[in-house]
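One letter stands for each residue in the lines below.
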Amino acid sequence: MQHSTETSPKSYGVAIMLCGIFGVMGIHHFYLEDWLHGLADVGLLILAIGFAAQGMVGLALLVILLDGLHTLIIFYYLIIEKWRDGKGRPILMQSNP
């Protein structure tokens, strides 16, 4: 992925809210058109549900904790405006001129 100097048209506030509310589901990644990260988050959630359904609660919790840690890291990078959308454009909090 190439980094772009063009700012992402995606809303900073929406990205932050989606990450904070639906973080482990990866909804924020889909919003930002970062499909691989989104699919990875959904895959981890499905894996955790599968482990829990088979009685492997410890593994389910481990997977959810790893996904939660990943979400916290992305949330932090979004807040400090260091995360980019799927096309390499920075997601910035823009003020109206």
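The structure this text deals with has already been given above.
The structure contained in this document is the topic of the report that follows. (Residues numbered from 1 in each chain as written. Predicted model: local features only at pLDDT ≥ 70, side-chain atom pairs only at ≥ 80, totals over all residues. Heavy atoms only, no water.)

Re the nonpolar core
- Ranked by size, the top nonpolar core spans nine residues in total: Tyr 12, Ala 15, Ile 16, Cys 19, Leu 32, Ile 74, Leu 78, Trp 83 and Ile 91.
- Breaking this core down by element, the ones donating at least two residues are helix 1 (12-22) and helix 4 (57-79).
- The element contributing the most residues to this core is helix 1, with four residues.
- Apart from residues no more than four positions distant in its own chain, Leu 78 is found in contact with Tyr 12, Ala 15, Ile 16, Cys 19, Leu 32, Trp 83 and Ile 91. (Core = buried A, V, L, I, M, F, W, Y, C linked by side-chain atoms within 4.5 Å. Buried < 20%, exposed > 50% of the residue type's maximum accessible area, 1.4 Å probe, protein only. Helix = DSSP H or I, 4+ residues; strand = E, 2+ residues; numbered from the N terminus. Contact = heavy atoms within 4.5 Å.)

As for the side chain of His 29
- Note on placement: His 29 falls in helix 2 (residues 27-31).
- In this structure His 29 touches Asp 34, His 37, Gly 38, Asp 41, His 70, Ile 74 and Trp 83, once residues within four positions along its chain are discounted.

Topic: unusual backbone geometry
- If you check the backbone angles, Glu 33 has positive phi at about 60° while not being a glycine.
- As for its position among the elements, Glu 33 is in the loop between helix 2 and helix 3 (35-53).
- Accessibility expressed as a relative area gives 25% for Glu 33, which makes it partly exposed.
- Backbone geometry at Glu 81 places phi at a positive 60°, although glycine is not the residue there.
- For Glu 81, the position within the fold is in the segment after helix 4.

Observations regarding the packing of helix 1 against helix 4
- Where helix 1 meets helix 4, the axes come as close as 10 Å, and the angle between the chain directions of the two elements is 160°. Of the possible angle classes, the one that applies to helix 1 and helix 4 is roughly antiparallel. Note on packing geometry: the crossing formed by helix 1 with helix 4 is left-handed. For the pair helix 1 and helix 4, contact is made by Tyr 12, Ala 15, Ile 16, Cys 19 and Gly 20 and by Thr 71, Ile 74, Phe 75, Leu 78 and Ile 79, respectively.
- Here the residues of the contact of helix 1 with helix 4 sort into eight nonpolar, two polar and no charged. (Axes fitted to C-alpha atoms, helices over the stretch in contact; angles between N-to-C directions. Parallel < 35°, antiparallel > 145°, perpendicular 65-115°, else oblique. Left-handed = near helix turned anticlockwise from the far one by under 90°. Nonpolar A, V, L, I, M, F, W, Y, C, P; charged D, E, K, R; others polar.)

Concerning helix 1
- Where helix 1 is concerned, the buried positions are Tyr 12, Ala 15, Ile 16, Leu 18 and Cys 19. Down the axis of helix 1, the sector holding all buried residues measures 165°, keeping them to one side. Opposite the buried face of helix 1, by more than 90 degrees, sit the exposed residues Met 17, Gly 20 and Ile 21.
- For helix 1, the secondary structure elements touched by its buried residues are helix 2 and helix 4.
- The distance from a side-chain oxygen at the start of helix 1 to the backbone nitrogen of Gly 13 is 3.4 Å, and the residue carrying that oxygen is Ser 11. (Arc of directions from axis to C-beta. Polar contact = N/O pair within 3.5 Å; in protein donor to acceptor, adjacent residues only side chain to side chain.)

In short, geometric facts, not functional conclusions.
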